[in-house]
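Geometric and topological summary
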Amino acid sequence: MADGSTSIIIIKVTRLNGKSFTVNALYIEAIESLPDTTITFTTGKKIVVREKEEEITQAIIQFYRAVNVLGFRHDVEGIGYEE
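Residues numbered from 1 in each chain as written. Predicted model: local features only at pLDDT ≥ 70, side-chain atom pairs only at ≥ 80, totals over all residues. Heavy atoms only, no water.

Take the overall build of the protein chain next. In terms of regular secondary structure, the protein chain is built from one helix and five strands. In sequence order, the secondary structure elements of the protein chain are arranged as β-β-β-β-β-α. A buried classification covers 25% of the 83 residues belonging to the protein chain. Residue pairs in contact within the protein chain that sit at least 24 positions apart in sequence constitute 36% of those at least 6 positions apart. (Helix = DSSP H or I, 4+ residues; strand = E, 2+ residues; numbered from the N terminus. Buried < 20%, exposed > 50% of the residue type's maximum accessible area, 1.4 Å probe, protein only. Contact = heavy atoms within 4.5 Å.)

With 72% of its residues at a pLDDT of 70 or more, the protein chain shows a mean pLDDT of 80. The model gives residues 1-7 a pLDDT under 50, and that stretch makes one contact with residues more than four places away or in other chains. Ignoring residues within four places in sequence, the model shows residues 79-83, a span with pLDDT below 50, making one contact including any to other chains. (pLDDT = per-residue confidence, 0-100.)

We now examine the packing of aromatic side chains. Evaluated as defined, the whole model comprises one aromatic pair. Between the aromatic rings of F63 and Y64, the centroid separation amounts to 5.7 Å while the plane-to-plane angle is 55 degrees, which identifies the pairing as tilted. A single burial state applies to F63 and to Y64, both of which are buried. (Phe/Tyr/Trp six-rings, centres within 6.5 Å; stacked < 30°, edge-to-face > 60°.)

Where strand β1 (residues 11-14) meets strand β2 (residues 20-23), four bridges bridge the pair, whose relative direction is antiparallel. Residue pairing in the sheet places K12 in a bridge with T22 of β2. The loop that links β1 with its antiparallel partner β2 comprises five residues; one of these, G18, has a positive phi angle of about 95 degrees. (Pairing = 2+ DSSP bridges.)

Where strand β3 (residues 28-33) lies against strand β4 (residues 37-41), five bridges are found, and the strand directions are antiparallel. Looking at β4, one finds that S33 is bridged to T37.

Residues V13, I28, I39 and I60 are the most contacted members of the largest nonpolar core, which totals 14 residues. Of the residues forming this core, the biggest block, four residues, is contributed by helix α1 (residues 53-66). Discounting chain neighbours no more than four positions away, the residues touching I60 are I11, A25, I28 and I31. (Core = buried A, V, L, I, M, F, W, Y, C linked by side-chain atoms within 4.5 Å.)

For α1, spanning 14 residues, the distance from its first C-alpha to its last is 20 Å, which sits close to the expected 20 Å at 1.5 Å a residue. Burial in α1 covers these residues: I56, I60, F63, Y64 and R65. Close packing links the buried residues of α1 with β1, β3, β4 and β5 (46-49). (Expected span 1.5 Å × (residues − 1).)

Next up, the structure:
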């Protein structure tokens, strides 16, 4: 999509060899720093990437906000649960 909206539905990561690719945040099960950042997917597959764990976590949060998963909102930071 020319408007850049594809960047909100995927997360761009880089393998240790420098090759960039994208992953779908919905398939990420865990992110660990071992010390290299390792992403485990719901399929059991693991990849090691250059990005820090915190960077990937922020990208996932942005993804969830973009697709309005779990009530995250674009316009408000740090919203707590409402009663």
